[in-house]
Amino acid sequence: MVQSYLRHGPTQAFGLICSSTSNSLYDGKLAYVPALEDVLVWDMKKGQMLSMWHETGHRSEVTCMCRSPQENIFAVGYADGSVRLWNSAFVSVIATFNGHQKSVTALAFDAQGARLASGSQDTDIIMWDVVAEAGLYRLRGHRNQITTIQFLSEPELPSTSTGSRSHMLLTTSKDTFMKLWDTSTQHCVQTIVAHRSEVSSLDIDPEKNFIFTGSSEGEVKAWKIDHESLSQGLVENEAGEVAKMIHPVTSLPLSSRHRVSQILFHPSQPYLAVQSHDRSIEIFRIRTEEEIRKKQARRKKRAKEKGKSKQKGKDIDDVVEDAMDVDQEINVIDLFTPYLVVRASAKVRSFDFGSKEAASKPGVQLFVALSSNALEVYNIPPPTKSKEETPEATRMFSVDLPGHRTDVRTLCLSADDHILASASNGSLKLWNLKTTACIRTIDCGYAICSTFLPGDRHVAIGTKSGEILIYDLASSALTETVKAHSSTVWSLHVRPDEQILVSGSADKEVKFWEFERNVISNDEVKKSMTLNHTRTLKMSDEVLSVRYSPNGKLLAVALLDSTVKIFYQDTLKFFLSLYGHKLPVLAMDISDDSKLIVTCSADKNVKIWGLDFGDCHKSIFAHEESVMQVLFERKSHHFWTVGKDKMLKYWDGDKFENIQKLDGHHNEIWALAVSNHAKFVVTGSHDKSIRVWEKLDEPLFLEEERERELEKIYEDGIANALNRPDISIVNNGEADVQPSGEAAAVTKQTSETLMAGERIIEALDLADAERAAFQEYEGKVAQAGSLEAAGMQPPPRNPILAAYDLEPEAYVLRVVEKISSAALHDALLVLPFDKVVSLMRYLDLWAQKGWNISLVSRILFFLLKIHHHQIVTNRVMRTALIPLRVHLRRSLRREKDTIGYNLVALQHLRRRTEAERTAQFYEEEDFDEEKVRAKIAEGKKRKRVSIKA
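No experiment lies behind these values; they were computed from the predicted model shown.

Asks: How do you make sense of the packing of aromatic side chains when you look at a structure like this?
Replies: Where two aromatic rings form a pair, the distance of their centres and the angle of their planes describe that pair. Using the criterion set out here, one finds 17 aromatic pairs in the structure. Between Phe-212 and Phe-265, the ring centres sit 5.5 Å apart and the planes meet at 65°, which makes this aromatic pair edge-to-face. Taken together, the residues Phe-212 in strand β19 (residues 210–215) and Phe-265 in strand β22 (residues 262–265) connect sequence positions 53 residues apart. Ring geometry for Tyr-568 versus Phe-575: centroids 5.0 Å apart, planes at 45°, classification tilted. The class for Tyr-568 is partly exposed, based on a relative accessible area of 32%. Cluster of aromatic residues (ring-pair linked, three or more members): Tyr-32, Trp-53, Phe-74 and Trp-86. If you follow Arg-84 out to its NZ or CZ, it ends over the ring of Tyr-78, 5.1 Å from the centre. The ring of Phe-512 is capped by Arg-535, whose NZ or CZ atom sits 5.0 Å from the centre of that ring.

Asks: What's the story with the packing of helix α6 (residues 751–783) against helix α10 (residues 821–829) in this structure? I'm lost.
Replies: How two helices sit against one another is set out by the angle between their axes and by the gap between those axes. Contact geometry for α6 and α10: axes closest at 8 Å, N-to-C directions at 65°. Where α6 crosses over α10, the two elements pack in a sense that is right-handed. Facing Glu-752, Thr-753, Ala-756, Gly-757 and Ile-760 of α6, the residues of α10 in contact are Ala-823, Asp-826, Ala-827 and Leu-828. Considered class by class, the residues forming the contact of α6 with α10 number five nonpolar, two polar and two charged.

Asks: Can you walk me through the sheet that holds strand β16 (residues 177–182) in this structure?
Replies: In a beta sheet, neighbouring strands pair by backbone hydrogen bonds and run either parallel or antiparallel. Strand order across the open sheet formed by four strands is β14-β15-β16-β17, with antiparallel pairing between neighbours. The open sheet is flanked by β14 (146–152) and β17 (187–193), the only strands paired with a single partner. Shown here is a sheet whose adjacent strand axes are inclined to one another by a mean of 20°, direction ignored. As defined by bridge partners, strand β15 (residues 168–173) adjoins β16 across five bridges and the pair is classed as antiparallel.

Asks: Got a minute to help me understand the pattern of salt bridges in this structure?
Replies: Close approach of charged atoms allows side chains with opposite charge to pair. Applying the stated rule across the entire model yields 24 salt bridges. In this structure, the salt-bridge partner of Glu-37 is Arg-59, at a minimum N-O distance of 3.6 Å. In this pair, Glu-37 is assigned in the loop between β3 (30–35) and β4 (38–43) and Arg-59 in the loop between β5 (48–53) and β6 (62–67), connecting sequence segments 22 residues apart. The exposure class assigned to Glu-37 is buried, which follows from its relative accessible area of 4%. In this structure, Glu-776 engages Lys-780 in a salt bridge whose closest nitrogen and oxygen atoms are separated by 3.6 Å. Taken as a pair, Glu-776 and Lys-780 lie in helix α6 at a separation of four residues, close to a single helical turn.

Asks: Looking at this model, I keep getting lost on the pairing of strand β50 (residues 638–643). Mind explaining?
Replies: Looking down a regular strand, the side chains alternate between one sheet face and the other. Of all the six residues making up β50, six are buried; the element is thus mostly covered by neighbouring parts of the structure. Every second residue of β50 is oriented toward a common face, with His-638, Trp-640 and Val-642 on one face and Phe-639, Thr-641 and Gly-643 on the other, all of them buried. Across five bridges, the pairing between strand β49 (residues 627–632) and β50 is antiparallel. Looking at β50, one finds that Val-627 is bridged to Gly-643. Once β49 ends, the chain turns through five residues before running back antiparallel as β50, passing Lys-635 with a positive phi of about 55°. Summarising the sheet, β50 and strand β51 (residues 647–652) pair through five bridges and their orientation is antiparallel.

Asks: What am I meant to see in a negative patch on the surface here?
Replies: Taken together, Glu-657, Glu-703, Glu-704, Glu-707 and Glu-711 make up a surface patch of like negative charges. For the negative patch, the element with the highest residue contribution is helix α5 (residues 702–722), accounting for four residues. By secondary structure assignment, the location of Glu-657 is in strand β52 (residues 657–663).

Asks: Help me understand the nonpolar core in this model?
Replies: A general feature of soluble globular proteins is that nonpolar side chains tend to end up buried together. Counting residues in each nonpolar core, the largest one holds 41 residues, and the members touching the most others are Val-812, Leu-828, Leu-839, Leu-843, Trp-846 and Ile-859. Of all the secondary-structure elements, those providing two or more residues to this core are α6, α9 (808–818), α10, α11 (833–849), α12 (853–866) and α14 (876–924). Broken down by element, this core gets its largest block of residues, 10 residues, from α11. Not counting chain neighbours up to four residues away, the residues in contact with Ile-859 comprise Val-816, Leu-824, Leu-828, Leu-839 and Leu-843. Judged by nonpolar contacts, the second largest core, of 20 residues, contains Ala-273, Val-364, Leu-370 and Ile-380.

Criteria and cut-off values
- Residues numbered from 1 in each chain as written.
- Predicted model: local features only at pLDDT ≥ 70, side-chain atom pairs only at ≥ 80, totals over all residues.
- Heavy atoms only, no water.
- Phe/Tyr/Trp six-rings, centres within 6.5 Å; stacked < 30°, edge-to-face > 60°.
- Helix = DSSP H or I, 4+ residues; strand = E, 2+ residues; numbered from the N terminus.
- Buried < 20%, exposed > 50% of the residue type's maximum accessible area, 1.4 Å probe, protein only.
- Lys NZ or Arg CZ within 6 Å of the ring centre and 35° of its normal.
- Axes fitted to C-alpha atoms, helices over the stretch in contact; angles between N-to-C directions.
- Left-handed = near helix turned anticlockwise from the far one by under 90°.
- Contact = heavy atoms within 4.5 Å.
- Nonpolar A, V, L, I, M, F, W, Y, C, P; charged D, E, K, R; others polar.
- Pairing = 2+ DSSP bridges.
- Salt bridge = Lys/Arg side-chain N within 4 Å of Asp/Glu carboxyl O.
- Patch = residues over 30% accessible without salt bridge, like charges linked within 9 Å, V, L, I, M, F, W, Y side chains within 5 Å.
- Areas by Shrake-Rupley, 256 points an atom, 1.4 Å probe, with all protein chains shown as cover.
- Lys, Arg positive; Asp, Glu negative; His and termini not counted.
- Charge placed at Lys NZ, Arg CZ, Asp CG, Glu CD.
- Core = buried A, V, L, I, M, F, W, Y, C linked by side-chain atoms within 4.5 Å.

And the structure:
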């Protein structure tokens, strides 16, 4: 009989506040931050996590985020090149776009939120139709990673304008270029060498007059947008040159010359924020027109006085003209004045202005996401008239308790599995595993190893400095600091009888400590635990791990010389030496029956030894990188390993089989803790997350698991082969190699699209067979006489069609409709040409019956575009296409009439609403008609103050 195991699956991920893989967003109350493959929503005032945007089975990290002008809609880019649209109200994915080969690095919505532009490390820009959930086109031209994307819209367009508002797209890349694209013609209309080095950031001011770009050399440049040239398009001037649409203006002086990682204008207040240093953000204030005039007047006055004293021979008017010229040259610098510097408590990953400002405190909120797994909100005070007071940013809120600042280095579980202790460089945290809430945070040194002491009221921590720290959990206090060793304490273990703690250190000593429980009676009765040093075992090399056997007879010590020495624990007499690893043994564990010892090493191998004679049962190449931890599951010979290859693996120690591979962490895994009741396992990683993997009721068979792994490798291989950059479309097994132009189609084959294509082929085969059988039956009935026809039985219906009670053409439509809009085009590319001909017949039937005309039109136009050459040369297609044209035109005309009727009705409703609003204003206030209309228009759009450059 085939042995079955129980499957383990990921159930919890916690300890992460924000990861440094992507930018973050803030709306004045809620912060939307990346957390590896998820997005977390934090209430900054309460410090609570409100929701987690998680898609089951998706493992790629979040690399970019963008908010849509439409409410509750967010675009999130991932490391696998996919873009997902999330609805924050329902915490669900609206659409998934697959088009990029590498991670998404930039996202931008147009003014209406109907189109989304995405840029990637693969140097392509893709335009997506958010409403139709489809890729429109791909723009190629940059030679390196896209860093920022912005839609360029004309300022002050009335809200009733029906013209194309955002037809220009501005992109920057690491190739030092800034490009301006016309989205209507899908071509680059201007390429600017923006900086000498990588262009790392860009933003456009709210007035749509200036573009600011930042480089990796710490330079910020300002560019003027020529809206007249933008509206005219590519037009030659008198000299025969094409008019430029973006002109260089000046550079903005910064206090530091580091990489400018982000530039951001406040959407409504006159502030510009620039981050060009790891820990600080410079805030510039945009001056008002009145302030600039006053400054210019003072400058003219000074220039006049200078002219009188130094240039007596020169006419005063010329001097004033020179002063005016000086003003013109540095006018843009006059607009932006350094206001203050926000200094964060750690390295800043990204920042955002709060769009909905809190009314409680005057000023502007600046949200900062830190690389140290923390979030902060600063308040920027409004400017004061007194020159003596220098404005300073104050920290309003911070979220830092639910996570470690640095890597999680060690984990340990209490005896009842309810409390988890995790320690890092600087802090020890206690977690309730049921709720995953952080219940205690205690400062500590650089923690390397940890263990709960008997009674689960104290935790011992071994540090890099050689101390053993004992913490009382009830009072969150450090009760004792034991200077145990002169070098790093690598390992701690409590003897099974709970009387002795053993510690192993890099100072080549193994020390034994007795527990002393003291009762201090001072008003209150307090129990404290101290360590009393009893014995020392000196070793020949540095000690990396120490372990008691569960029967309490043996002590295993792993040394830096790649061997494991085993002693009798009572007499410390040498018993066995286990050698065979090529690099040091980093961890080991002994099974509950004290018969097996498993060791893991930096040589990527795991060895299973018998404890009776020290014989090596099996050596397994376990991980792609160093194996960091190994632990047996309670009361079995199954064991767990974690490594620097980000994998957690489950093994059978008797059959030497890998039972299950679990991937979820995005960086090397340092720590591992196994449940005392064999129900779950906990891992801690360099990515600062702690993950719980629970034992499920689902059985696991090794053969099925291997087959699933091979299938996944095969599917990924096919998809990758089809996504080669030189191959765009595959027809009948032949690849069409297309020249790479500036604009291209958006295609990317994934296992999902390949399976969708196979489902269409299966549906067409089934429907064709059914229709052929019934046509044959009808033909026989027509040929036979009336008596014979009455006796003939119709062929049995296909069981699938009978179950759904559908006609063949309705079943094919049902299958096609179930394919997501974003994956439809790629699924249609999978079809061979004979299936395309078959699908055309069904398109004719659907058009004739008026079923889902928009889908029919979309499929038809795509197939005609892709298979144009075959359709033109194939005369058989004429018989199918001519009736299809007639039926489709009739249906489209009917749709057009319906849409036209609805549009007219909506316009009538709008006119009636506006008339009612005008009448209401007349009744409320004594206005004339022009004033009323002006007030209505003012309500539609934000008031802007025009400042000339």
